[in-house]
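Chain by chain, the residues:
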Amino acid sequence: MIFVCVHNAGRSQMAAGLLRASGGGLIHVMSAGTAPGERVNPVAVQAMRELGIDISDASPSPLTTDDVAAADVCITMGCGDTCPLVPGTEYRDWPVDDPSGQPIEVVRRVRDDIAERVQALVAELAPDLAG
């Protein structure tokens, strides 16, 4: 599973953190960006910490074709057509607001939106982990 957004500093990092927390280590999770930022959004780190999930050690990574090829599912969030298409990889687009430059109240809403989507994804792809 790979989560992709533009800067790999907010949405995709939160999604990866949420899936790692709910996947019980049974789901391989990656995240990357089409134009990675310099660091993870500190407000996203704060919002995730409120849920007991620490993404402070994460760092933005560039998206590669190999990353996408290694994933069964590629979930994009706002990166449009810049994501490489790899045969055999399932693509899904989540229309999630960009938390960049937003106050904590907005980032919490984005986090909660992503959390609901991750829960639904786990229920669909790994129902034994959903709960």
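Before any of the text, the structure's been laid out above.
For clarity, every value in this text was computed on a predicted model and none was experimentally measured.

Participant: Sorry, what's going on with the packing of aromatic side chains here?
Facilitator: For any two aromatic rings, the description comes down to two numbers: the centre-to-centre distance and the angle of the planes. Following the criterion strictly, the structure yields one aromatic pair and no others. Both rings, one in Phe-3 and one in Trp-94, keep their centres 5.8 Å apart while their planes meet at 50°; by these two values the pair is tilted. Within this pair, whereas Phe-3 is found in strand β1 (residues 2-5), its partner Trp-94 is found in the loop between β4 (90-93) and α4 (104-125), the two being separated by 91 residues in sequence. A single burial state applies to Phe-3 and to Trp-94, both of which are buried.

Participant: Sorry, what's going on with the pattern of salt bridges here?
Facilitator: What the rule picks out here adds up to eight salt bridges. Note that Glu-90 is salt-bridged to Arg-92, the shortest N-O span being 2.6 Å. According to the relative accessible area criterion, Glu-90 is partly exposed, its value standing at 36%. Across the pair Arg-117 and Asp-113 runs a salt bridge, and its minimum N-O distance is 2.8 Å. You can see Arg-117 and its partner Asp-113 sitting in helix α4, four residues apart, about one turn around the helix. For Asp-113, a relative accessible area of 25% gives the class partly exposed.

Participant: Help me understand α4, please; the structure alone is not making it clear to me.
Facilitator: An α-helical segment advances 3.6 residues per turn. Residues three or four places apart therefore align on the same side. Spanning 22 residues, α4 covers 31 Å between terminal C-alpha atoms, matching the ideal 32 Å at 1.5 Å per step. Of the surrounding secondary structure, the elements contacted by the buried residues of α4 are β1, α1 (11-22), α2 (42-49), β3 (73-77) and β4.

Participant: Mind showing me how you'd approach the layout of surface pockets here?
Facilitator: Regions of empty space are outlined by a rolling probe, equal in size to a water molecule, passed over the atoms. By volume, the largest pocket amounts to about 190 Å³. The biggest single contributor to the lining of the largest pocket is α4, with three residues. Per-class residue counts for the lining of the largest pocket are ten nonpolar, one polar and one charged. Grouping the amino acids of the lining of the second largest pocket by side-chain chemistry returns six nonpolar, four polar and three charged.

Participant: How do you make sense of the sheet that holds β3 when you look at a structure like this?
Facilitator: The pairing of strands in a sheet happens through backbone hydrogen bonds and is either parallel or antiparallel. Pairing is parallel across the open sheet formed by four strands, whose spatial order is β2-β1-β3-β4. Single-partner strands in this sheet number two, and they are β2 (30-33) and β4. For this sheet, the mean inter-axis angle between neighbouring strands, taken without regard to orientation, is 20°. Here four bridges tie β1 to β3, and the two strands are oriented parallel to one another. Bridging across to β3, Phe-3 finds its partner in Ile-75. On top of the sheet, α1 reaches β1, β2 and β3; it is set at about 160° to β1, its chief contact.

Rules used throughout
Residues numbered from 1 in each chain as written. Predicted model: local features only at pLDDT ≥ 70, side-chain atom pairs only at ≥ 80, totals over all residues. Heavy atoms only, no water. Phe/Tyr/Trp six-rings, centres within 6.5 Å; stacked < 30°, edge-to-face > 60°. Helix = DSSP H or I, 4+ residues; strand = E, 2+ residues; numbered from the N terminus. Buried < 20%, exposed > 50% of the residue type's maximum accessible area, 1.4 Å probe, protein only. Salt bridge = Lys/Arg side-chain N within 4 Å of Asp/Glu carboxyl O. Expected span 1.5 Å × (residues − 1). Contact = heavy atoms within 4.5 Å. 1 Å grid on protein atoms, 1.4 Å probe; cavity = no way out; pocket = protein on both sides within 12 Å on 5 of 7 lines; lining within 4 Å. Points joined across faces, edges and corners; volume = space filled by probe spheres on them. Nonpolar A, V, L, I, M, F, W, Y, C, P; charged D, E, K, R; others polar. Pairing = 2+ DSSP bridges. Axes fitted to C-alpha atoms, helices over the stretch in contact; angles between N-to-C directions.

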